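One letter stands for each residue in the lines below.
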Amino acid sequence: MDRSPSLPLRKRFKTITEGVEEIEKESIMKLNDDCLLIIFSHMTLWNLIVVEKVCMRFESLAKTFYRSQHILDFQAKNLQISAERLFPPWANPCQNPELKLQQVTDIAQRLGPYVHTLRASFSVFADISNSVHILLTNCVKLQSLYLDAFSADVVPVLAKTFANLKVVRLRHYELMDYTMVKLLHGAKQLETLNFADNKSFGFKGQFLTMLRNIQDLNLSECDSINPNFLIQFFRRNKGLKSLNIIGCSMNGACLDAIATKLRNLQCLKISNNYKKTKPTDFHMLENVSHLKHLKISTYHYVNINYYLMKMIERNKLESLEVEYIMIRRNQGQNSISIPFRYCSTLKVLKLSAWIDLEDKVLEQISLVQTLEELRLDYCSWSTNEGIMKVIRNCRSLRLLDINKCRSRVFNDLITAILSILPSRITPLKILMGKGQIDESMWEIKNPKLILICIERG
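Parameters at a glance
- Note on numbering: residues in each chain are counted from 1, in written sequence order.
- Thresholds applied to this predicted model are a pLDDT of at least 70 for local features of residues and 80 or more for the giving and counting of side-chain atom pairs; totals over whole chains, interfaces and linings are not thresholded and use all residues.
- Side-chain metrics rest on all non-hydrogen atoms present in the structure, leaving aside hydrogens and water.
- Counting from the N terminus, the helices are DSSP H or I runs at least four residues long and the strands are E runs at least two residues long.
- A 1.4 Å probe rolled over the protein chains alone gives each residue an accessible area, and that area as a share of the maximum for its type sets the label: buried under 20%, exposed over 50%, partly exposed in between.
- We call two residues in contact when some of their heavy atoms are within 4.5 Å.
- Computed with a 1.4 Å probe, the accessible areas rest on the Shrake-Rupley method; for each residue, only the protein chains presented here act as cover.
- Each axis is a line fitted through C-alpha atoms, and for a helix only the stretch in contact is used; angles between axes span 0 to 180 degrees, taken between their N-to-C directions.
- Orientation categories follow fixed angle ranges, with anything under 35 degrees roughly parallel, anything over 145 roughly antiparallel, 65 to 115 roughly perpendicular, and all other angles oblique.
- Residues are grouped as follows: Ala, Val, Leu, Ile, Met, Phe, Trp, Tyr, Cys and Pro are nonpolar; Asp, Glu, Lys and Arg are charged; every other residue, Gly included, is polar.
- For this analysis, a ring pair means two rings from Phe, Tyr or Trp (six-membered ring only for Trp) whose centres lie within 6.5 Å, classed as stacked if their planes differ by under 30 degrees, edge-to-face if by over 60, and tilted for the remaining angles.
- Either the NZ atom of lysine or the CZ atom of arginine qualifies as a charge over a ring when it sits within 6 Å of the ring centre and within 35 degrees of the ring normal.
- Two N or O atoms form a polar contact when they lie within 3.5 Å of each other; inside protein one atom must be a possible hydrogen donor and the other a possible acceptor, and for residues adjacent in sequence the pair counts only when both atoms belong to side chains.

A.B. asks: What's the story with the overall build of the protein in this structure? I'm lost.
C.D. replies: When its secondary structure is counted, the protein shows 15 helices and 15 strands. A buried classification covers 48% of the 457 residues belonging to the protein. Across the protein, contacts joining residues at least 24 apart in sequence account for 68% of those joining residues at least 6 apart. When the accessible surface of the protein is totalled, it reaches about 22900 Å², and 51% of it is carbon and sulfur.

Rendered as structure tokens:
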């Protein structure tokens, strides 16, 4: 646009007018509301709070956007309002930026009335107790609450919220029984409870006897729980569908109560190293016959082959996870033997910490025709032949996760897989770490092979 003073006045005015019209044509205000909402969805929350003050239209659209957000996440997770969108560009949520009270208030007032799920960790807030109070006061429709590593100062605030909650996760707390009694006193709608990693000596589990109609309970690594309180809980919550008691305190009577009382149990996560149990106690679990998901954390010095065989025979398992297995060549009869020939419905298999995973085990896995996902965490094997048999024979396999097997390079494996891809119908995704294959192999273009790089950490 030429604004030279040498032009005649009328011509100069006409040129400026045309320039203004041109700017108006390209203005963001010309966009319809749907387009603006898409733009707003890519802004950080801090930018959106500023933008809403520009004009009444932007304020109205910002409110429309807030009403569509039902998950408020203060942790580094990619949810609808994630840490990447909560924090300003200069703040890294993984480095504890510590939100000030006014910042928490700004967030809570705008999103609180529409949020049904809240996730937070104590390290995010500068003023922990008051921040939690403001959040819970504004989140009036809250149904799911996930809080990690908070102190007992927030308990009085939490107690007022529990009446309407359906899902609660309080991890890494120093909880005591009397604290839990206060929290759960008015909780009538609870369905899911997760108290994992609460190792306080006063966390005995007496509060469990107050609960009714619980569907999902996670007490993993809560090693102070009294087994007698667990038994009472099982008797009062016969509709329980999911139970995680890995690293918990158990005895034979508890295992018997699981088998005889929990007839609707679909997901069981259990250990084989309970101090008060014997290998034969696990035989009681043969009566559990509706399991779809089984995870067992096991140690080589306790033989659970019979238990595993019966559980797989009697249940139509869709996922099986076996972790922390210490396999040594001189173990003899205590080595783990999984009867994969009976896994006629298995879709997901995860093996963790299998040292020297033998080809004959992988060959047995290759018999599972329904297998869709195979995850091998911290495993090692001497040849690729077993893995190749799984890929070749399991025609439904769509995911192979070996990204945590960081001790070796898989160039030869990828080359071998490329040679058999023409005979496969289902595309195969392979999750690997950046250094597990050469840089050039990441550039492979094949519609039936998708290599996904998983960053460390």
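A.B. asks: What am I meant to see in the packing of helix H10 (residues 227-236) against helix H11 (residues 252-261) here?
C.D. replies: The axes of two packed helices give the description: the angle between them and the distance between them. Packing of H10 against H11 brings their axes to within 9 Å, and their N-to-C directions diverge by 5°. The angle between H10 and H11 places the two elements in the roughly parallel class. Between H10, through Pro227, Leu230, Ile231, Phe234 and Arg235, and H11, the contact on the second element is made entirely by Ala253, Cys254, Ala257, Ile258 and Lys261. Each residue belonging to the contact of H10 with H11 can be placed in one class, and the counts come to eight nonpolar, no polar and two charged.

A.B. asks: How do you make sense of the packing of aromatic side chains when you look at a structure like this?
C.D. replies: The geometry of two aromatic rings is summed up by the distance between their centres and the angle between their planes. On inspection of all chains with the given rule, the structure shows nine aromatic pairs. Judged by centre distance (5.6 Å) and plane angle (85°), the rings of Phe40 and Phe58 are edge-to-face. Separated by 18 residues along the polypeptide, Phe40 in helix H2 (residues 33-41) and Phe58 in helix H4 (residues 56-67) bring together distant segments of the chain. The exposure class assigned to Phe40 is buried, which follows from its relative accessible area of 1%. Judged by centre distance (6.0 Å) and plane angle (65°), the rings of Phe233 and Phe234 are edge-to-face. A relative accessible area of 0% places Phe233 in the buried class. One aromatic cluster is present, built from ring pairs that chain together Phe195, Phe203 and Phe207. Here Arg119 stacks its cationic end above the ring of Tyr146, 4.1 Å away from the centre of that ring. The cationic tip of Lys204 hangs over the ring face of Phe201; the distance from NZ or CZ to the ring centre is 3.8 Å.

A.B. asks: What is the right way to look at the side chain of Asn244 in this model?
C.D. replies: By the element assignment, Asn244 lies in strand E7 (residues 242-244). Ignoring sequence-local partners within four residues, the contact set of Asn244 consists of Leu217, Asn218, Leu219, Ser220 and Lys269.

A.B. asks: It is not clear to me how unusual backbone geometry should be interpreted in this structure. Could you clarify?
C.D. replies: Peptide bonds are trans in most cases, and residues, glycine excluded, mostly fall at negative phi. The phi torsion at Glu221 lies on the positive side, around 65°, for a residue other than glycine. Looking at the secondary structure, you find Glu221 in the loop between strand E6 (216-218) and H10. Positioned with a positive phi, Tyr378 is a non-glycine residue whose angle comes to about 55°. In this fold, Tyr378 is placed in the loop between strand E12 (373-377) and helix H14 (385-393).

A.B. asks: Would you mind going over the environment of Asn272 with me for this structure?
C.D. replies: Its location among the elements puts Asn272 in the loop between strand E8 (267-271) and strand E9 (293-297). The exposure class assigned to Asn272 is buried, which follows from its relative accessible area of 2%. Measuring from C-alpha to C-alpha, the distance between Asn272 and Thr298 comes to 5.2 Å, with 26 residues separating the pair along the chain.

A.B. asks: Explain the side chain of Asp281 to me, please; I cannot follow it from the model alone.
C.D. replies: By the secondary structure assignment, Asp281 is in the loop between E8 and E9. Here the side chain of Asp281 touches Lys278 through a polar contact of 2.8 Å, landing on its backbone nitrogen. Excluding residues within four positions of it along the chain, Asp281 makes contact with Gly252, Leu255 and Lys276.

A.B. asks: I'm lost on the environment of Arg171 in this one. Help?
C.D. replies: For Arg171, the position within the fold is in strand E4 (residues 167-171). Arg171 sits in the partly exposed class, given a relative accessible area of 24%. Remark: the alpha-carbon pair of Arg171 and Lys199, spanning 28 residues in sequence, is separated by 10.0 Å. Beyond its immediate stretch of four places on either side in the chain, Arg171 contacts Leu147, Asp148, Ala149, Asn194, Ala196, Asp197 and Asn198. Of note is the side chain of Arg171, whose polar atom sits 3.1 Å from the side chain of Asp197.

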